[in-house]
Amino acid sequence: MYIQTPAFLTPFEARAILFSCIEPGHFFWSAEIAAHGPLKVLESILSASYPAEKTKAIATSIRAADVGQILYEIEKAGAKFLTPEHEHWPEGVNQLVNPPIGLVVKGDSTCLITDSLAIVGSRKPTNYGANVASEFARGFSDLGWTIISGGAYGIDSYAHRATLQANGRSIAVLATGIEVAYPKSNLNLFNEMSAHGALISELMPHESAMPSRFLVRNRLIASIAKATLVVEAAYKSGSLRTAHDAAELLRPVMAIPGPINSAMSQGCHRLISERAAELITSVADAVEFIGANQ
């Protein structure tokens with residue numbers, strides 16, 4: 001099916017087409033859709049109203065898009081396509097300068113509108129970091145909070161697993177489509193989260209990982225969560241990007257201190273010394289800090 005005009009499309013369908021053809025986190029297109037709506041943007045692309053250099057990467061894909069197939073692919077994956085009009089749309093993402101065009105959600109979408117804590121950190125944590133991440137995940141789960149992370153090795157996985165073991169709800173924000181287990185060894189974890197929480201992606205279900213997509217998805221973790229906790233991170237770490245994204249949104253950011261000679265704590269110490277994060281040593285401290293900054 002080749003789309004000639006958006007005249008017979010709903011805004012939901014137009015957004016699904018744009019979602020399937022535009023790379024997540026694109027500043028220009030996110031801004032255009034937010035300002036003019038998906039139908040107008042789609043019409044302008046198809047009528048060549050934008051400069052050619054703006055549309056050359058996506059116009060062909062959009063003209064060939066089959067909205068029925070797009071929505072079927074999402075449904076076949078056991079997921080649903082959320083747009084800003086949906087009652088479970090996480091309003092925090094609207095504060096981003098490049099908000100998502102839509103979200104593919106597999107699992108309980110009500111998780112997206114609950115109090116939630118992002119727990120992020122190193123992919124190669126020490127036993128100390130693994131234990132702390134698990135302790136905070138269990139502690140906040142017991143308080144009824146949802147735990148959000150990125151589904152990666154290390155701190156992410158420890159936080160997700162501890163939450164599920166505490167019978168809590170956990171969200172994994174993926175840098176791939178929801179049908180792609182990355183890393184593969186976390187497949188069982190992802191399946192469990194889709195049953196007791198949710199998997200979220202800005203990509204079509206079978207899209208694979210790309211380096212740039214990990215940094216782009218970090219902003220979603222920061223914007224959906226009510227607060228962010230960094231547990232062990234090297235001096236240069238993607239987790240610091242999540243922390244800075246959260247700080248830019250004026251969300252509470254916290255960091256766990258570690259041994260002064262631990263390379264895995266240098267990032268946390270950097271955040272604390274730069275006053276970009278509050279030094280936290282217990283769940284009670286974290287609850288108090290978050291409460292004081294709402």
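For the structure given in this document, a descriptive report is provided here. (Residues numbered from 1 in each chain as written. Predicted model: local features only at pLDDT ≥ 70, side-chain atom pairs only at ≥ 80, totals over all residues. Heavy atoms only, no water.)

1. Quick look at the overall build of the protein chain
Right, on to step 1. Looking only at helices and strands, the protein chain features 13 helices and nine strands.
Right, on to step 2. At 19 Å, the protein chain has a C-alpha radius of gyration in line with the 19 Å of a compact globule built from 294 residues.
Right, on to step 3. Along the first, second and third principal axes, the C-alpha atoms of the protein chain reach 60 × 35 × 30 Å.
Right, on to step 4. Of all 294 residues assigned to the protein chain, the portion counted as buried reaches 54%.
Right, on to step 5. Approximately 13,200 Å² of the protein chain is accessible, and the part contributed by carbon and sulfur atoms is 52%.
Right, on to step 6. Here the protein chain carries 23 positive and 27 negative side-chain charges, and the mean point of each set is 6 Å from the other. (Helix = DSSP H or I, 4+ residues; strand = E, 2+ residues; numbered from the N terminus. Rg over C-alpha atoms; globule rule 2.2 N^0.38 Å. Buried < 20%, exposed > 50% of the residue type's maximum accessible area, 1.4 Å probe, protein only. Areas by Shrake-Rupley, 256 points an atom, 1.4 Å probe, with all protein chains shown as cover. Lys, Arg positive; Asp, Glu negative; His and termini not counted. Charge placed at Lys NZ, Arg CZ, Asp CG, Glu CD.)

2. Quick notes on the packing of helix α7 (residues 127-142) against helix α13 (residues 283-292)
Right, on to step 1. Interaxial distance between α7 and α13 falls to 10 Å at its minimum, and their mutual angle equals 60°. One finds that α7 runs oblique with respect to α13. Seen from above, α7 lies across α13 with right-handed handedness. Seen from α7, the contacting residues are Glu135, Phe136, Gly139 and Phe140; seen from α13, they are Val283, Ala286, Val287 and Ile290.
Right, on to step 2. Class assignment for the residues of the contact of α7 with α13 results in six nonpolar, one polar and one charged. (Axes fitted to C-alpha atoms, helices over the stretch in contact; angles between N-to-C directions. Parallel < 35°, antiparallel > 145°, perpendicular 65-115°, else oblique. Left-handed = near helix turned anticlockwise from the far one by under 90°. Contact = heavy atoms within 4.5 Å. Nonpolar A, V, L, I, M, F, W, Y, C, P; charged D, E, K, R; others polar.)

3. Considerations on the nonpolar core
Right, on to step 1. Ile17, Leu18, Leu42, Ile45 and Ile62 are the most contacted members of the largest nonpolar core, which totals 37 residues.
Right, on to step 2. Elements that contribute at least two residues to this core include exactly α1 (11-21), α2 (27-36), α3 (38-46), α5 (59-63), α6 (67-76) and α9 (187-195).
Right, on to step 3. With six residues, the single largest contributor to this core is α1.
Right, on to step 4. Not counting the four nearest positions on each side in its chain, Leu18 is found in contact with Ile33, Pro38, Val41, Leu42, Ile45, Ile62 and Ile101.
Right, on to step 5. If you look at the next biggest cluster of nonpolar residues, it comprises 31 residues, including Leu112, Ala198, Ile221 and Val230. (Core = buried A, V, L, I, M, F, W, Y, C linked by side-chain atoms within 4.5 Å.)

4. Remarks on the pattern of salt bridges
Right, on to step 1. Summed over all chains, the structure comprises seven salt bridges.
Right, on to step 2. A salt bridge links Glu23 to Arg213, with the nearest nitrogen and oxygen atoms 2.6 Å apart. Here the residue Glu23 occupies a position in the loop between α1 and α2, and Arg213 occupies one in helix α10 (residues 211-224), the gap between them amounting to 190 residues.
Right, on to step 3. The class of Glu23 is partly exposed, set by a relative accessible area of 32%.
Right, on to step 4. A salt bridge links Asp245 to Arg241; the nearest nitrogen and oxygen atoms lie 3.6 Å apart. Of this pair, Asp245 and Arg241 both sit in helix α11 (residues 238-248), separated by four residues, roughly a single helical turn.
Right, on to step 5. Judged by its relative accessible area of 38%, Arg241 is partly exposed.
Right, on to step 6. Through salt bridges with shared partners, a single network forms among Glu23, Glu207 and Arg213. (Salt bridge = Lys/Arg side-chain N within 4 Å of Asp/Glu carboxyl O.)

5. Examining the packing of aromatic side chains
Right, on to step 1. Applying the stated criterion across every chain, the model contains seven aromatic pairs.
Right, on to step 2. Their ring planes at 80° and their centres at 5.8 Å tell us that Phe28 and Tyr50 sit as a pair that is edge-to-face. Here Phe28, found in helix α2, pairs with Tyr50, found in the loop between α3 and α4 (52-55); they are 22 residues apart in sequence, far enough to count as distant.
Right, on to step 3. Judged by relative accessible area, Phe28 falls into the partly exposed class, the value being 24%.
Right, on to step 4. With 5.2 Å between their ring centres and 75° between their planes, Phe140 and Trp145 make a pair best called edge-to-face. Neither residue differs from the other here; Phe140 and Trp145 are each classed as buried.
Right, on to step 5. An aromatic cluster is present here, built from Phe12, Phe19 and Phe81 joined pairwise through their rings.
Right, on to step 6. Between Lys54 and the ring centre of Phe28, over which it is positioned, the NZ or CZ distance is 4.3 Å. (Phe/Tyr/Trp six-rings, centres within 6.5 Å; stacked < 30°, edge-to-face > 60°. Lys NZ or Arg CZ within 6 Å of the ring centre and 35° of its normal.)

6. Comments concerning the sheet that holds strand β1 (residues 80-82)
Right, on to step 1. Strand order in this open sheet of nine strands is β1-β2-β6-β5-β4-β3-β7-β8-β9, and the pairing throughout is mixed. Every other strand in the sheet has two partners, leaving β1 and β9 (278-279) as the edge strands with one partner each.
Right, on to step 2. Pairing of strand β4 (residues 146-149) with strand β5 (residues 170-173), which is carried by three bridges, proceeds in the parallel orientation. Opposite Ile148, over in β5, you have Ile171 as the bridge partner.
Right, on to step 3. Taken strand by strand, α9 contacts β2 (103-107), β5 and β6 (197-201), and its axis lies near 110° from that of β6.
Right, on to step 4. Of the strands in this sheet, β3 (116-121), β7 (227-231) and β8 (253-255) touch α11, which is tilted by about 155° from β7. (Pairing = 2+ DSSP bridges.)

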